[in-house]
Amino acid sequence: MEKFMCPHCHSEHIQKCSIVYQNGASQITTSNGEEVRIIGEGLTQLAQQVAPPAKKETHWGAMILCGGLAALFLTSGLFIVGVILGFIALSLYGSSDEAAKFNKEKYPILYNQWLNTYICNRCGNKFIL
Ligand SMILES: [Zn+2]
C-alpha cells in the first residue's frame, strides 16, 4: 500500500477534500492533531479550496425564449429586432451546447479526480493520490 503523505512537505496530516467539504469545511486538524474551527473569511477560502468542480450553466430556456421572440418579431415587421434576438439565441445555443458537452464528458472526470484529491493540513498543498 502506498504511503499517504503530502508530496510537497511529506506531512501525513492530509485529508480528503470531499470529506473536508462535507464537514462544511469548518474543521481542519493541525499538524499536532488538534482540531481547529475556522470561521469567517478563512472558512470561505477553505471551502473554495476543497469545493468540488462546478458544472457549467446551460441556457436552453433563455435560448428558446429568444428564438421564439425572434420568430415573432421577424414575422411582425420588426425585422432588425428579430435578427438581433436571433443572434442572441444562436450564441446562447453555442454556449449551452458547449456547457452541456462539458457537463457530460469532462465533468465526471473532474469530479472523480476531486474525489481522490487530498489537501495537506500543514502546507495546504492539494494533490491526487
Ligand atoms: Zn504538505
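Look above for the structure.
Conventions and cut-offs
Residues numbered from 1 in each chain as written. Predicted model: local features only at pLDDT ≥ 70, side-chain atom pairs only at ≥ 80, totals over all residues. Heavy atoms only, no water. Donors = N, O, S within 2.8 Å, 3.2 Å for Na, K, Ca; no water. Tetrahedral: all angles 85-135°; square planar, octahedral: opposite > 155°, others 65-115°. Helix = DSSP H or I, 4+ residues; strand = E, 2+ residues; numbered from the N terminus. Buried < 20%, exposed > 50% of the residue type's maximum accessible area, 1.4 Å probe, protein only. Phe/Tyr/Trp six-rings, centres within 6.5 Å; stacked < 30°, edge-to-face > 60°. Lys NZ or Arg CZ within 6 Å of the ring centre and 35° of its normal. Contact = heavy atoms within 4.5 Å. Pairing = 2+ DSSP bridges. Axes fitted to C-alpha atoms, helices over the stretch in contact; angles between N-to-C directions. Polar contact = N/O pair within 3.5 Å; in protein donor to acceptor, adjacent residues only side chain to side chain.

(A) Main features of the coordination of the zinc ion. The protein atoms that coordinate the zinc ion are Cys6 (SG), Cys9 (SG), Cys120 (SG) and Cys123 (SG), at distances of 2.2 to 2.4 Å. Coordination geometry of the zinc ion: the four donor atoms subtend angles of 106 to 115° at the metal centre, consistent with an arrangement described as tetrahedral. Sequence spacing of the donors to the zinc ion: C-x2-C-x110-C-x2-C. Linking Cys9 in the segment before β1 (14–16) with Cys123 in the loop between β4 (117–120) and β5 (126–128), this pair joins segments that are 114 residues apart in sequence. Using a relative accessible area of 36% as the deciding quantity, one classes Cys123 as partly exposed.

(B) Here's a closer look at the packing of aromatic side chains. Taken as a whole and assessed by the stated rule, the structure comprises six aromatic pairs. Within the aromatic cluster, the residues linked to one another by ring pairs are Tyr21, Tyr107, Tyr111 and Trp114. Sitting over the ring of Phe102, Lys56 keeps its end group 4.6 Å from the ring centre.

(C) Inspection of the environment of Leu115 at higher detail. Examined against the element boundaries, Leu115 turns out to sit in helix α4 (residues 79–115). In this structure the C-alpha to C-alpha distance between Leu115 and Pro52, which are 63 residues apart in sequence, comes to 8.2 Å. If sequence neighbours within four positions are ignored, Leu115 has contacts with Lys16 and Ser18.

(D) Main features of the sheet that holds β1. One open sheet holds the three strands; their spatial order is β1-β4-β5, and the pairing between them is antiparallel. Single-partner strands in this sheet number two, and they are β1 and β5. Taken pair by pair, the neighbouring strands of this sheet meet at an average axis angle of 35°, ignoring direction. Where β4 and β5 come together, three bridges link them in antiparallel fashion. Counterpart to Thr117 in the pairing with β5 is Ile128.

(E) Local environment of the environment of Lys126. Mapped onto the fold, Lys126 is located in strand β5. Ignoring any residue separated from it by four or fewer positions in sequence, one finds Lys126 in contact with Cys17, Gln49, Thr117, Tyr118 and Ile119. Polar side-chain contacts of Lys126 include one of 2.6 Å to the backbone oxygen of Gln49.

(F) Region of the structure containing the pairing of β4. Of the two faces of β4, both are covered, the one formed by Thr117 and Ile119 as well as the one formed by Tyr118 and Cys120. The hairpin turn running from β4 into β5, its antiparallel successor, is five residues long, and Gly124 in that turn takes a positive phi close to 80°.

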